[in-house]
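Residue strings, one per chain:
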Amino acid sequence: MAWSTIYIVIAILVAILGIWNIARQRSVFLSLIGIVWFVFVLFERWVPEAYGFVIVRGIPSVGNLLLYLVIPLLLVVAFFTSSRR
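Residues numbered from 1 in each chain as written. Predicted model: local features only at pLDDT ≥ 70, side-chain atom pairs only at ≥ 80, totals over all residues. Heavy atoms only, no water.

### A closer look at the packing of aromatic side chains
Scanning all chains against the criterion turns up 2 aromatic pairs. Arranged with centres 5.6 Å apart and planes meeting at 90°, the rings of Tyr 7 and Trp 37 form a pair that is edge-to-face. Of this pair, Tyr 7 sits in helix H1 (residues 3-23) while Trp 37 is found in helix H2 (residues 28-46), placing the two residues 30 residues apart along the sequence. Relative to Tyr 51, the ring of Phe 43 lies with its centre 5.9 Å away and its plane at 65°, an arrangement referred to as edge-to-face. The class for Phe 43 is partly exposed, based on a relative accessible area of 26%. (Phe/Tyr/Trp six-rings, centres within 6.5 Å; stacked < 30°, edge-to-face > 60°. Helix = DSSP H or I, 4+ residues; strand = E, 2+ residues; numbered from the N terminus. Buried < 20%, exposed > 50% of the residue type's maximum accessible area, 1.4 Å probe, protein only.)

### Some thoughts on the nonpolar core
Ala 11, Ile 33, Trp 37, Phe 40, Val 41, Tyr 51, Leu 67, Ile 71 and Ala 78 together form the largest nonpolar core, which totals 9 residues. Mapped onto this core, the elements with two or more residues apiece are H2 and helix H4 (62-80). The greatest single-element share of this core, amounting to 4 residues, is contributed by H2. In contact with Leu 67, other than residues within four places in its own chain, are Tyr 7, Trp 37, Phe 40, Tyr 51 and Pro 72. (Core = buried A, V, L, I, M, F, W, Y, C linked by side-chain atoms within 4.5 Å. Contact = heavy atoms within 4.5 Å.)

The following block contains the structure:
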C-alpha cells in the first residue's frame, strides 16, 4: 500500500470521527477542523492543478498554504476555545 493511500485512509477516519463527535455534541469546532482537513486532502488528490496553483512566485502553492497554515491556525484557536456548555 502506498503512502498516499494511507494518507487518504487517515483523512477518511478523521472525517468520520469529526462527524461522530458532532453527533455526540463534543468539541464541534475541533470536529469541523477534521472534516475540513479531509476536504483539503480530497482537493489535493482530485484537483492537483488547483492545489498546486502558485499565486506569486516565491510563495507556496494555494494548497500548501491551506494545509500548512490554515489548519494549524484553526487547531490553535480550537484548543483555546471553551468547550463548556
